[in-house]
Amino acid sequence: MSQLFDPAPGAEGSSSGGVEPDSAGRPAAATGRRGQPLAARVRPTDFADFHGHEEVVGADAPLRRMLDSGHLTSLVLHGPPGVGKTSLARVIAAHVDAAWTELSAVSAGVKDVRAVIDEGRARQGAVDRRTILFVDEIHRFNKAQQDALLPGVEAGWVTLIGATTENPYFELNAPLLSRCRLIHLAAVGDDAIGRILDHAITDAHGLGGRVEVTDDARDLLVRGGSGDARSALNLLELAVGALDGDVLDAEDVLDAAAHLRYSRGDDHYDQISAFIKSVRGSDPDAAMYWLMRMLASGEDPLFLARRLVILASEDVGVADSRLLPVALAAYQSVERVGMPEAEFALSHATIALATAPKSNAVTRAMGTAKALVRDHPNDPVPRHLRDAHSSAGRAMGHGDGYVYPHDRPGNFTDQQYLPDEITDRVFDPEPHVSVRMPPDRRQPPA
C-alpha cells in the first residue's frame, strides 16, 4: 500500500519539517517528500507538535520562557538517538525566526565553519537577523573545528546548536562548552511516543488518517520504540508498508518487528551482554559472531570499542596488562580510521581479549578498596608517609621513619602504607587465571 505514504492532495508546500532552508535561511516549502522516511516527513515545526521533554521546553521551563521572550543562547543538546535533538533545534529556529544553517560534523572543515560565520555576520549587519548554526554529532568536530566556532559564537554572529550522543564534557573543548548551555534530553516517555505516533497517523504528510491502528498495535509500537521516537516511527512505516488492507493490528506490528534485526531495546542489551560474556568466557568464535552481528545491525562501533576497553581491565586485567593498550588502540582506530576499515581493529582486540588468560583481580581490588573507604573515610595518614617538603611539616615529624625502597636490596621494604586501623587488610591482587580453551587456541604460535 505505497499510496499510504504519498503526500495528500494539496499537502505540498506546508512546512511540517525535514526541509532545507531557502536562500534567506528560512525553512523552504516541503517538496519531494515522497522519498523521505516517515520520521522526516512528520518532523514538527512548532512546540505545539513537539511532544515530550516538558521539563526542558514546557510552557513553564526556563528555556521555553527564554525563547518566548525572543532570546536565545548557544546550546548543546545531549541525549541518545531518536529523542528529538534535531527536531528541537528546528523548532527553536522557527520559534525565534532565525535563519537556519546546518553543517555536517563529518564532512565540514574549518573553512566551512568560517564561511557560515561570515554569512551570519553579514546577515546580522544587513537585516539584523540572527543565524542558527546546527551541527549534528558535534563531538566529531576536532579541536581546530571547535576553535573555529569560538569567534562567531562569542560575538553572536551565529547561535550554535550542537547535538551529540556523547558526553559533552569529554568530547567538547572547555572554551566552547563554557559558551553554551547544556541541555540533556532523556529517552522519550511512552506517552509522548504515543502522541508522536498519533500525529504521524493523522498528519497529511504521514498516513493522513488512511490507516486505522488498533489500540493493541499502538501499544506495541510505543513499546517497540523503547524511548526512541524514530524507532517507533520506523516500525510504523515498515508495518504499514507491508499491510494488505487499511487496519493495522498487533499481528501486523509483530510481523514487522520480526524483520528488524536490531532494536535499541532488548536486542541492544541482550546482544552486548552475549558479546561481553563470550569474551569473558574465552570463546573467540562466539565473540566474533556477536561483534559482527551488532555491527551489521547498525550498533555504534565506538560503543563496542568502549566495551572492549572495559573488558581489558575488568576480565583480563593483570593476567595480561598488555591488552589494555590493544583495546585502546581499537577505540582510537574507530575514531581516526572510521568504518568499515576499523572492523579489523575491533576484531583484533576482540580475538586477543577472548583468547587471553582471565583475571578479575582488578574488580575484586576495587570492591575491597571502596568498602574500606566507605567504612574508614577519614583515617589519618601514617606519620612516616606524610609530606615532608615544608619546614612546618618536618617540624611536626612528617616523614620520620620513612624508608626509601630504592635504598634497600630488591628495591623493597616491608613498611606500613595503610592507615593504622586497617593495616591488616589485604586486597588480594594476585590474578586468578582461568582459561577453558585448549592450550593451542589460547595464544598464537611464537
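Quick summary incoming for the structure in this document. These numbers come from a predicted model, not from an experiment. (Residues numbered from 1 in each chain as written. Predicted model: local features only at pLDDT ≥ 70, side-chain atom pairs only at ≥ 80, totals over all residues. Heavy atoms only, no water.)

A closer look at the overall build of the protein
Right, so step 1: Helices and strands together make up the secondary structure of the protein, namely 20 helices and 7 strands.
Right, so step 2: For the protein, the proportion of its 446 residues judged to be buried stands at 44%.
Right, so step 3: Long-range pairs, those at least 24 residues apart, make up 72% of the contacts in the protein with a sequence separation of at least 6.
Right, so step 4: For the protein, the accessible area works out to roughly 23000 Å², and carbon and sulfur atoms hold 52% of it. (Helix = DSSP H or I, 4+ residues; strand = E, 2+ residues; numbered from the N terminus. Buried < 20%, exposed > 50% of the residue type's maximum accessible area, 1.4 Å probe, protein only. Contact = heavy atoms within 4.5 Å. Areas by Shrake-Rupley, 256 points an atom, 1.4 Å probe, with all protein chains shown as cover.)

Observations regarding a negative patch on the surface
Right, so step 1: Taken together, the side chains of Asp215, Asp216, Asp219, Asp249, Glu251 and Asp255 define an acidic patch exposed on the protein surface.
Right, so step 2: Secondary-structure elements contributing two or more residues to the negative patch are helix H10 (215–225) and helix H12 (250–258).
Right, so step 3: Top contributing element to the negative patch by residue count: H10, with 3 residues.
Right, so step 4: For Asp219, the position within the fold is in helix H10.
Right, so step 5: The exposure class of Asp219 is partly exposed, given its relative accessible area of 39%. (Patch = residues over 30% accessible without salt bridge, like charges linked within 9 Å, V, L, I, M, F, W, Y side chains within 5 Å. Salt bridge = Lys/Arg side-chain N within 4 Å of Asp/Glu carboxyl O. Lys, Arg positive; Asp, Glu negative; His and termini not counted. Charge placed at Lys NZ, Arg CZ, Asp CG, Glu CD.)

Some points on the packing of aromatic side chains
Right, so step 1: Under the criterion given, the structure shown has 2 aromatic pairs.
Right, so step 2: Ring centres 5.3 Å apart and planes at 25° place the aromatic pair Trp100 and Phe134 in the stacked group. One end of the pair, Trp100, is in strand S2 (residues 99–104); the other, Phe134, is in strand S3 (residues 131–136), and 34 residues separate them in sequence. The pair Trp100 / Phe134 is uniform in exposure class, with both members buried.
Right, so step 3: When the ring of Tyr289 is compared with that of Trp290, the centres are 4.9 Å apart and the planes differ by 70°; the resulting orientation is edge-to-face. (Phe/Tyr/Trp six-rings, centres within 6.5 Å; stacked < 30°, edge-to-face > 60°.)

Some words on helix H16 (residues 323–336)
Right, so step 1: The end-to-end C-alpha distance of H16, which contains 14 residues, comes to 20 Å, matching closely the 20 Å that a straight helix rising 1.5 Å per residue would cover.
Right, so step 2: Downstream of H16 by a residue or two, Gly338 has a phi angle that is positive, lying close to 85°. (Expected span 1.5 Å × (residues − 1).)

A word on the sheet that holds strand S4 (residues 159–164)
Right, so step 1: Across the sheet, 5 strands lie side by side as S2-S3-S4-S1-S5; this open sheet has parallel pairing. Taken across any chain shown, the strands that pair with only one partner, and hence form the sheet edges, are S2 and strand S5 (181–184). Strand-to-strand, the axes of this sheet are offset by a mean angle of 20°, without reference to chain direction.
Right, so step 2: Two strands pair when backbone bridges link them, and strand S1 (residues 75–78) and S4 are joined in this way by 4 bridges, in the parallel orientation. Each residue of the ladder has a partner; that of Leu75, found in S4, is Ile161.
Right, so step 3: Helix H4 (residues 85–95) contacts S1, S2, S3 and S4 of the sheet and is inclined by roughly 175° relative to S3.
Right, so step 4: Contacts from helix H5 (residues 110–127) reach S2 and S3 within the one sheet, and its direction differs from that of S2 by about 175°. (Pairing = 2+ DSSP bridges. Axes fitted to C-alpha atoms, helices over the stretch in contact; angles between N-to-C directions.)

Examining unusual backbone geometry
Right, so step 1: In this model, Met339 is joined to Pro340 through a cis peptide bond whose omega is 10°.
Right, so step 2: Position of Pro340 among the secondary structure elements: in the loop between H16 and helix H17 (343–354).
Right, so step 3: One non-glycine residue, Asp97, lies in the positive phi region at around 55°.
Right, so step 4: Within the element layout of this structure, Asp97 appears in the loop between H4 and S2.
Right, so step 5: For Asp97, a relative accessible area of 46% corresponds to the partly exposed category.

Concerning the environment of Val213
Right, so step 1: Mapped onto the fold, Val213 is located in strand S6 (residues 212–213).
Right, so step 2: Judged by its relative accessible area of 17%, Val213 is buried.
Right, so step 3: Val213 sits 27 residues away from Val240 along the chain, and the two C-alpha atoms are 9.6 Å apart.
Right, so step 4: The residues touching Val213, leaving out its near neighbours within four places in the chain, are Ile201, Arg218, Leu221 and Leu248.

Brief notes about a nonpolar patch on the surface
Right, so step 1: Residues Tyr169, Phe170 and Leu182 make up a contiguous nonpolar surface patch of roughly 390 Å² in combined accessible area.
Right, so step 2: Within the secondary structure layout, Phe170 lies in helix H7 (residues 168–171).

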